[in-house]
Amino acid sequence: MATPDRPVHPYRIGEAASMLGVSADTMRRWVDAGRLPATRDENGHRIIAGAELAAFARELARPENSEAEGRSSARNRFPGIVTAVVLGDVAAQVEIQAGPFRVVSLISRDSAEELGLVPGAPATAVIKSTNVVVERR
């Protein structure tokens, strides 16, 4: 929570774009369209308040704004492309590049084959966990 001695971090367009996994051009278009408020710093660069960016990110992540089909209790969905599949006798290791993130999953070999998971195939990593480590940069 922000306090007077620790204000919420303001983000420049490029930083905000990186946080949301989109291009700086997309972020500029959203700001220009009025979807996301921005101000200018002392050097004339557009900046977005951390609280505003967080609210916008929550809005983008709402289930009705996602590409997900059907209903699921999982909220952490990372669409991407399969970059590697290692098939074992029983299990398969599947790697997905989702924006700047590499997600690795172990699933059954049958599931990997049934889903047609091969390098180049589109896939979404759906993550539901009771243990998530959070690091502050």
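Note that the structure is a prediction, hence the values are computed from the model and not measured.

(A) Fine view of the nonpolar core. The biggest cluster of nonpolar side chains holds 11 residues, and these are Tyr 11, Ile 13, Ala 16, Ala 17, Met 27, Trp 30, Val 31, Leu 36, Ile 48, Leu 53 and Phe 56. Among the elements of the structure, helix H1 (13–20), helix H2 (24–32) and helix H3 (50–61) are those that each provide at least two residues to this core. Those residues in contact with Tyr 11, other than ones at most four positions away along the chain, are Ala 16, Met 19, Arg 46, Ile 47, Ile 48, Gly 50 and Leu 53. Counting 10 residues, the second largest nonpolar core, distinct from the first, contains Ala 92, Val 103, Leu 117 and Ala 125.

(B) Broad picture of the environment of Glu 95. Residue position: Glu 95 is located in strand E5 (residues 91–98). Along the chain, Glu 95 and Val 118 lie 23 residues apart, while their C-alpha atoms are 9.8 Å from each other. Excluding anything up to four places from it in sequence, Glu 95 contacts Ile 81, Val 82, Thr 83, Ala 84, Arg 102, Val 103 and Val 104.

(C) Representation of the sheet that holds strand E2 (residues 39–40) in the model. Read from one edge to the other, the open sheet built from three strands follows the order E1-E3-E2, with strand pairing classed as antiparallel. Edge positions in the sheet fall to strand E1 (10–12) and E2, since each of these pairs with one other strand and no more. Across two bridges, the pairing between E2 and strand E3 (residues 46–49) is antiparallel. The residue bridging Thr 39 from the neighbouring strand is Ile 47, located in E3. Sheet strands touched by H1: E1 and E3. Its angle to E1, the strand with the most contacts, is close to 95°.

(D) Up close: the sheet that holds strand E7 (residues 122–127). Ordered by their spatial adjacency, four strands build an open sheet running E6-E5-E4-E7, and the pairing between neighbours is antiparallel. The outermost strands of the open sheet, each flanked by one partner alone, are strand E6 (101–108) and E7. Going across the sheet, the axis of each strand differs from the next one's by a mean of 45°, ignoring polarity.

(E) Representation of the packing of H1 against H2 within the structure. Look at H1 against H2: their axes get within 8 Å of each other, and the N-to-C directions meet at 105°. The angle between the axes of H1 and H2 places the two elements in the roughly perpendicular class. Here H1 contributes Ile 13, Gly 14, Ala 16, Ala 17 and Leu 20 to the contact with H2, which in turn contributes Ala 24, Met 27, Arg 28, Trp 30 and Val 31.

What counts and what doesn't
- Residues numbered from 1 in each chain as written.
- Predicted model: local features only at pLDDT ≥ 70, side-chain atom pairs only at ≥ 80, totals over all residues.
- Heavy atoms only, no water.
- Core = buried A, V, L, I, M, F, W, Y, C linked by side-chain atoms within 4.5 Å.
- Buried < 20%, exposed > 50% of the residue type's maximum accessible area, 1.4 Å probe, protein only.
- Helix = DSSP H or I, 4+ residues; strand = E, 2+ residues; numbered from the N terminus.
- Contact = heavy atoms within 4.5 Å.
- Pairing = 2+ DSSP bridges.
- Axes fitted to C-alpha atoms, helices over the stretch in contact; angles between N-to-C directions.
- Parallel < 35°, antiparallel > 145°, perpendicular 65-115°, else oblique.

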